[in-house]
Amino acid sequence: MGSVALRDIRKSYGAVEVLHGIDLDVADGEFVVLVGPSGCGKSTLLRSLAGLETISGGEISIDGSSIVHLHPKSRDIAMVFQNYALYPHMNVAKNMGFPLQMAKVSKSEIDEKVAKAAEILSLTQMLKRYPKQLSGGQRQRVAMGRAIVRDPKVFLFDEPLSNLDAALRVQMRTEIKGLHQRLGTTIVYVTHDQIEAMTMADKIVVMKDGHVEQIGAPLDLYDRPANRFVAGFIGSPAMNFMPAKVENGQAVLENGAVLAPAPEGLTEGQAFTAGVRPEHLMVADQGASANVTVVEPTGAELQFVVDLAGTPTLVSTRDRLHLRLGDTLHLEVEAGRLHAFDSETGVRLG
Amino acid sequence: MNRSSDRWLAYFLILPVVAAVLAFVLGPTWDVATLSLTQFVMGQERGFGTLVNFEALWADPVFGTVVVNTAIWILGGTVFCVLTGLAVGAYLAIDSKVTTALRALILLPWVLPDVVTAMAWKWMLHGQVGVIGDAFTRVGLSDQPISFLGDPDLVMWMLVIVLVWRKMPLVALILCAAIRSVPAEQIEAARMDGANAFQRFRHVILPNISFSLTAVTVISMIWITAEFTLPWVMTGGGPANSSQIMSTYIYQQSFQFFNWGVGSAMSVVNLVFLMAVVGLYLYINRRSWAAGGSK
């Protein structure tokens, strides 16, 4: 069991408050990803959960019992650090066995648990090697092994893939997800990479400036972002935003071009910020006209930027269109894919 | 410029250093080595190629005391210097306003001239007028004034204490810097892994600073072996040779009694010892570099 509850977590450094009352529930066995731009407080929140930071206010409990006043070692939480934090003077087996050695587990039991973890992580051949003799991905696996041997209630990952190259990152992403499915342990995972968040999480927590912007399943966040920040942060390439107004039930751009039917819940004449994902814009025979300004073929898909009523707008399509700069074309929004946000507050409308 | 003129320029550029080393290091060393094999009678050379100086040293009853005292001086000094330095360094590595101020202040003993330190301590430890003995009697630790530097059983240890007071600050600062450069994530990982403060020090910090620790130990040993002013000004080897160490005895034999031969023979013994220490240091360094350094 390993359900985590955070209630009104506050953290201040002197007069500066970096966490403004965070509430979060993590169910047993859930894979929760905290995501947000640098400085949003996600790492601080994770470190508070680990006990490496003392919180200024609020309550943290695991399985219903408070852990706020417990030392990190008594919280039954294991953490994997961004720079792996392996002990350079210990070989892989010693590194992985260290938490057990500290817990005064017998030598034979340590060997057994280390061997088992090494097998899960395919590190059996590496047990006698030192961290400096390992590649980045292998070091990352050792760091995970050190967490696994303890069989904790909760795993914490602090941007574990940031130091790996792109190809390895994709591979490790799959490995971590596979590991989670195999072990079924609760994971709280911090990243600034929304693709990691989308691909791995059961539940994503989007944070900004010490506030939680939205909590939800990856596709919920993608389909119904609660505000403009989440809409722009989740999804790659990012969502296009443009000023619009409701006229005759249609979302009309500043130059009078009709984009799509206005989302429900908006009133006639209301001005709002329209949001459309690049993949939801389609080239059509009619619709808002736009000039092509940039064309970027990526192979699998074609991305191009158009000038849509004065706003540079990115379109991505799997169709092999033959576009040239300066071409004029017509764009439509896929049905029901137009998002509306309050121009002032950024809150989702409709 | 072609390759060969490059090479000549390079030789030319290192010439001053080579000349200085020859003149001030190798030259005197050669002189001492030959002097140690030369017999002197009444300050007159009486034949080269003899081991009489070493035999005289062996027969000298004071030399035994000197060896024991030197062992206390070098080993005791080094061990206490490094141990207190490690403790103080670990304390200074903690972030706080007090330690920030102390990090600067602690160098005070280090910047004082040797003679000033020696004289100040000599008077503080004085049997009749010393403040330390006075404080001892006032507090009631002792009925009568203690002559710290006059007691043959105490004097060597008093010298070691002053030595540690003087040499420890730099050791502490070097180790403090080493401790502060231990990656914070490793220490945090150890906290998560259940290590208490002592275990974190033992299993994470110590191995990480082992390189600096060996270096600072060997360097302290060399400093202490070469230290002369402090013991000479404080006790001059007395009372009755009970604080005579290698450096003071060499000085006394050579420049007060003019026994050049015996003084040189002792210098040679001293040199061999120092070379052994340096050799050990290089061996340890080479071994850790062969293993890829400490990281």
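Just so it is clear, the structure is predicted and the values come from calculations on it, not from any experiment.

Cut-offs used in this document
Residues numbered from 1 in each chain as written. Chains lettered and ligands numbered in written order. Predicted model: local features only at pLDDT ≥ 70, side-chain atom pairs only at ≥ 80, totals over all residues. Helix = DSSP H or I, 4+ residues; strand = E, 2+ residues; numbered from the N terminus. Buried ≥ 20, exposed ≤ 12 C-beta atoms within 10 Å, placed from the backbone. Contact = placed C-beta atoms within 7 Å. Nonpolar A, V, L, I, M, F, W, Y, C, P; charged D, E, K, R; others polar. Domains from an automatic or database assignment. UniProt positions renumbered as here; feature names shortened; annotations may be inferred. Axes fitted to C-alpha atoms, helices over the stretch in contact; angles between N-to-C directions. Parallel < 35°, antiparallel > 145°, perpendicular 65-115°, else oblique. Left-handed = near helix turned anticlockwise from the far one by under 90°. Expected span 1.5 Å × (residues − 1). Bend = angle between axes of the 7 residues up to and from the residue. Pairing = 2+ DSSP bridges.

*Asks:* How should the overall build of chain A be read in this particular structure?
*Replies:* Scanning chain A for helices and strands turns up eight helices and 21 strands. Looking at chain A residue by residue over its 350 residues, the buried ones come to 40%. Across chain A, the fraction of contacts at a sequence separation of at least 24, relative to all contacts at a separation of at least 6, is 66%.

*Asks:* Where do I start with the overall build of chain B in this structure?
*Replies:* From N to C terminus, chain B includes 13 helices and two strands. Across its three principal directions, the C-alpha atoms of chain B cover 80 × 75 × 30 Å. Residue pairs in contact within chain B that sit at least 24 positions apart in sequence constitute 68% of those at least 6 positions apart.

*Asks:* What am I meant to see in the interface of chain B and chain A here?
*Replies:* How big an interface is tends to be stated in terms of the accessible area lost upon association of its parts. Taken residue by residue, the interface counts 15 residues in chain B and 17 residues in chain A. Contributions of two or more residues to the side of chain B that touches chain A are made by helix H9 (184-192) and helix H10 (197-226) of chain B. A breakdown of the residues in the side of chain B that touches chain A according to their chemical character gives six nonpolar, four polar and five charged.

*Asks:* When you look at the domain arrangement of chain A in this model, what are you seeing that I'm missing?
*Replies:* All names here are of chain A. Here the domain parsing of chain A yields domain 1 (4-233) and domain 2 (240-349). Its C-alpha centre places domain 1 at a distance of 38 Å from the equivalent point of domain 2. Facing the six residues of domain 1 at the interface are eight residues of domain 2. In terms of residue class, the side of domain 1 that touches domain 2 is made up of four nonpolar, one polar and one charged.

*Asks:* Where do I start with the UniProt feature "transmembrane region" (unreviewed entry) in chain B in this structure?
*Replies:* Within this numbering scheme, the UniProt entry marks residues 9-30, 71-94, 101-121, 154-183, 204-224 and 257-284 of chain B as carrying the feature "transmembrane region" (unreviewed entry). As annotated, residues 101-121 of chain B comprises 81% helix and 0% strand, and the C-alpha atoms at either end are separated by 25 Å.

*Asks:* Is there a simple way to explain the packing of helix H2 (residues 92-102) of chain A against helix H3 (residues 107-120) of chain A in this structure?
*Replies:* The geometry of a pair of packed helices is captured by two quantities: the angle between their axes and the separation between those axes. Residues and elements named next belong to chain A. The geometry of H2 relative to H3 is characterised by a closest axis approach of 9 Å and an angle of 130° between their N-to-C directions. Judged by the inter-axis angle, H2 sits oblique to H3. Viewed along their axes, H2 and H3 form a crossing whose handedness is right-handed. Contact with H2, carried on its side by Ala93, Met96, Gly97, Leu100 and Gln101, involves Ile110, Lys113, Val114, Ala117 and Ala118 of H3 and no other residues of that element. Among the residues making up the contact of H2 with H3, the classes are represented as seven nonpolar, two polar and one charged.

*Asks:* I'm lost on H10(B) in this one. Help?
*Replies:* Since there are 3.6 residues in each turn of an α-helix, residues three or four apart along the chain are aligned in direction. Its 30 residues give H10(B) an end-to-end C-alpha distance of only 37 Å, which falls more than 12% under 44 Å, the value for a rise of 1.5 Å per residue. Along H10(B), the sharpest change in direction is near 60° and occurs at B:Ser210.

*Asks:* Can you help me understand the packing of helix H8 (residues 155-180) of chain B against H10(B) in this one?
*Replies:* All names here are of chain B. The geometry of H8 relative to H10 is characterised by a closest axis approach of 10 Å and an angle of 155° between their N-to-C directions. Relative to H10, the element H8 lies roughly antiparallel. Seen along the crossing, H8 lies across H10 with a hand that is right-handed. For the pair H8 and H10, the contacting residues are Leu163, Lys167, Val171, Ile174, Leu175, Ala178 and Ile179 in the first and Ile205, Ile209, Ser212, Leu213, Val216, Ser220, Trp223 and Ile224 in the second.

*Asks:* Could you clarify how one ought to interpret the environment of B:Val79 in this entry?
*Replies:* With respect to the element layout, B:Val79 can be found in helix H3 (residues 61-92). C-alpha separation for the pair B:Val79 and B:Met221, spaced 142 residues apart in sequence, amounts to 9.0 Å.

*Asks:* What is the right way to read the sheet that holds strand S21 (residues 348-349) of chain A from this model?
*Replies:* By definition, the strands of a sheet pair up through backbone hydrogen bonds, in either a parallel or an antiparallel sense. All names here are of chain A. Judged by pairing direction, the sheet is antiparallel, and its six strands sit side by side in the order S13-S12-S11-S14-S20-S21 without closing on themselves. Of all the strands in the sheet, just strand S13 (258-261) and S21 have a single pairing partner and so form its edges. With three bridges joining them, strand S12 (residues 250-253) and S13 adopt antiparallel strand pairing. Its bridge partner being in S13, Gln250 is matched across the sheet by Pro261.

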